[in-house]
Amino acid sequence: MLIIKDFEQFQKVRANIDGRVGFIPTMGALHRGHLSLIKKSKIENDFTIVSIFVNPTQFLEGEDLDKYPRKEEADITICEKIGVDILFMPTINSIYFEDELKISAPAKAGYVLEGAKRPGHFDGVLQIVMKLFNIVRPDRAYFGKKDAQQLILIQKMVHDMFIPVKIIPCNTIREHDGLAMSSRNIYLSPKERQKALSISKALKRAGKMIMSGIKDTKTLKEEMISILQKDIKIEYVEIVNRSLEPIDKIIEDDTIILVAGKVGETRLIDNIWI
Ligand code: PAF
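Model, not experiment: these values are computed from the prediction.

## Some thoughts on the site of the ligand
Move 1: As a structural note, the neighbourhood of the ligand is formed by Pro25, Thr26, Met27, Asn55, Gln58, Ile128, Phe143, Asp147 and Gln150.
Move 2: Within the side chain of glutamine 58, a nitrogen or oxygen atom sits 2.6 Å from an oxygen atom of the ligand.
Move 3: Between the ligand and glutamine 150, the relevant distance is 2.7 Å, taken from an oxygen atom to a side-chain nitrogen or oxygen of the residue.
Move 4: In isolation the ligand offers 290 Å² of accessible surface; the protein chains occlude 90% of this area.
Move 5: In the shell around the ligand, the residues fall into four nonpolar, four polar and one charged.

Pasting the structure below:
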């Protein structure tokens, strides 16, 4: 596995790659969720490139940028073992410039849900993903459905900016008890981790209610809130279509149910796609 930290060196290596390139951008602290994206890329492409970069521009003031888990050594070992071809770990100065041009998230879809709670977050996400796409020039890029709004906005950026990359959405990977895999789970104490399970339980319950024929989103949200409220400081429970607009009735293949909330100091998000 090649580890590259410098844009110029990456360009030289990239110029000699012949074949389909799959790309998994990450912020490190790799877990089974990331591994499933890497495995999928390895099956579908000739080369798999992973990037690790804790992107400062997507953290708002007061968020956990300094505390964000960094596990460089362990991440390198994981990537090597699983058969990543190139690990790109750029330094901040090699990819951000002074007074640089900015990408803005769309005014509607970028400022609801996570975008409403974290205004400006998606500007930073799109900025770095655009840069990484231009550097790596992948054929396919893999993103988890757990970050539903991120995935949808990246699909929109690729569409609106005519970027020649195919976005591959990948299912959320969960612990045996239902907790969605997240780099932030390591912040949870055993007691908090137990409470955090209410999120996947509420989503599962909504899924079951829909299967039993309940389509009214108000009823579904009320039931979810009743499951969540004793354990989670709820930030939102929303039911939206794939354009992230709230809906009154469940639409088959065009619905996402999302939850965001805090357990102690740890902010968690999760969702299911119907
Ligand atoms: O999902 C993430 O880890 C990050 O938001 C991403 C896409 C790597 C951009 O920094």
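Read on for the rest.
## Remarks on the sheet that holds strand β3 (residues 47-52)
Move 1: Ordered by their spatial adjacency, six strands build an open sheet running β1-β4-β3-β2-β5-β6, and the pairing between neighbours is parallel. Strands with a single pairing partner mark the edges of an open sheet, and in this sheet they are β1 (2-4) and β6 (166-170). Averaged over all adjacent pairs, the angle separating strand axes in this sheet is 25°, with direction ignored.
Move 2: Pairing analysis gives five bridges linking strand β5 (residues 140-144) to β6, with the strands arranged parallel. Opposite phenylalanine 143, over in β6, you have proline 169 as the bridge partner.
Move 3: Across the face of the sheet, helix α1 (residues 7-15) comes into contact with β1, β2 (21-26), β3 and β4 (86-88) while running at roughly 140° to β1.

## A few points about the nonpolar core
Move 1: Residues Phe10, Ile49, Val129, Phe133, Phe143, Ile154 and Ile167 are the most contacted members of the largest nonpolar core, which totals 44 residues.
Move 2: Sorting the residues of this core by element identifies β2, β4, α6 (121-136), β5, α7 (148-160), β7 (233-240) and β8 (256-263) as the ones contributing at least two each.
Move 3: Among the elements that take part in this core, α6 stands out by supplying 10 residues, more than any other.
Move 4: The contact partners of phenylalanine 143, leaving out residues within four places of it in the chain, are Pro25, Leu37, Val129, Phe133, Gln150, Leu151, Ile154, Ile167, Ile168, Pro169 and Cys170.
Move 5: Counting 23 residues, the second-largest nonpolar core is a separate cluster that includes Ile199, Ala202, Leu228 and Ile232.

## Considerations on the side chain of serine 200
Move 1: Topologically, serine 200 is positioned in helix α8 (residues 190-211).
Move 2: Setting aside its immediate chain neighbours within four residues, serine 200 contacts Arg174, Asp177, Gly178, Leu179 and Asp270.

## Let's talk about the pairing of β5
Successive side chains on a regular strand alternate, one facing one side of the sheet and the next facing the other.
Move 1: Among the five residues of β5, four are classified as buried, and the element is accordingly described as predominantly covered.
Move 2: Tracing the backbone out of β5, into α7 and back to the parallel element β6 gives a crossover that is right-handed.

## Quick notes on the packing of aromatic side chains
Move 1: Within this structure, the stated rule accounts for five aromatic pairs.
Move 2: Ring centres 4.7 Å apart and planes at 45° place the aromatic pair phenylalanine 10 and phenylalanine 88 in the tilted group. Taken together, the residues phenylalanine 10 in helix α1 and phenylalanine 88 in strand β4 connect sequence positions 78 residues apart. Like phenylalanine 10, the residue phenylalanine 88 is buried in the burial classification.
Move 3: When the centroid spacing of 6.4 Å and the interplanar angle of 70° are considered together, the rings of phenylalanine 23 and phenylalanine 133 count as edge-to-face. Of this pair, phenylalanine 23 sits in strand β2 while phenylalanine 133 sits in helix α6, and the two are 110 residues apart along the sequence. In this structure, phenylalanine 23 and phenylalanine 133 share a single accessibility class: buried.
Move 4: Every member of this aromatic cluster is reached through a ring pair, and the members are Phe23, Phe133 and Phe143.
Move 5: Lying over the aromatic face of tyrosine 187, lysine 67 brings its terminal NZ or CZ to 4.9 Å of the ring centre.

## Examining unusual backbone geometry
Move 1: Positive phi outside glycine occurs at arginine 137, with the angle close to 45°.
Move 2: Positionally, arginine 137 belongs in the loop between α6 and β5.
Move 3: Look at arginine 137 and you get partly exposed, because its relative accessible area is 41%.
Move 4: Within the chain, leucine 244 stands out as a residue other than glycine whose phi angle is a positive 70°.

## Notes on empty space enclosed by the protein
Move 1: Counted under the stated rule, the structure contains one cavity of 30 Å³ or more.
Move 2: There is about 70 Å³ of room inside the largest cavity.
Move 3: Lining the largest cavity are Lys146, Leu179, Ala180, Ser182, Asn185, Ala196, Ile199, Ser200, Leu268, Ile269 and Asp270.
Move 4: Secondary structure elements with two or more residues in the lining of the largest cavity: α8 and β9 (266-273).
Move 5: Residues that form the lining of the largest cavity fall into these classes: six nonpolar, three polar and two charged.

## What about the environment of aspartate 147?
Move 1: Within the secondary structure, aspartate 147 sits in the loop between β5 and α7.
Move 2: Sequence separation between aspartate 147 and glutamate 114 is 33 residues, and the spatial gap between their C-alpha atoms is 9.5 Å.
Move 3: Contacts of aspartate 147, omitting those with residues within four sequence positions, involve Ile269 and Asn271.

What counts and how
- Residues numbered from 1 in each chain as written.
- Predicted model: local features only at pLDDT ≥ 70, side-chain atom pairs only at ≥ 80, totals over all residues.
- Heavy atoms only, no water.
- Near = heavy atom within 4 Å.
- Polar contact = N/O pair within 3.5 Å; in protein donor to acceptor, adjacent residues only side chain to side chain.
- Areas by Shrake-Rupley, 256 points an atom, 1.4 Å probe, with all protein chains shown as cover.
- Nonpolar A, V, L, I, M, F, W, Y, C, P; charged D, E, K, R; others polar.
- Pairing = 2+ DSSP bridges.
- Helix = DSSP H or I, 4+ residues; strand = E, 2+ residues; numbered from the N terminus.
- Axes fitted to C-alpha atoms, helices over the stretch in contact; angles between N-to-C directions.
- Contact = heavy atoms within 4.5 Å.
- Core = buried A, V, L, I, M, F, W, Y, C linked by side-chain atoms within 4.5 Å.
- Buried < 20%, exposed > 50% of the residue type's maximum accessible area, 1.4 Å probe, protein only.
- Right-handed = clockwise from strand over helix to strand, strands pointing away.
- Phe/Tyr/Trp six-rings, centres within 6.5 Å; stacked < 30°, edge-to-face > 60°.
- Lys NZ or Arg CZ within 6 Å of the ring centre and 35° of its normal.
- 1 Å grid on protein atoms, 1.4 Å probe; cavity = no way out; pocket = protein on both sides within 12 Å on 5 of 7 lines; lining within 4 Å.
- Points joined across faces, edges and corners; volume = space filled by probe spheres on them.

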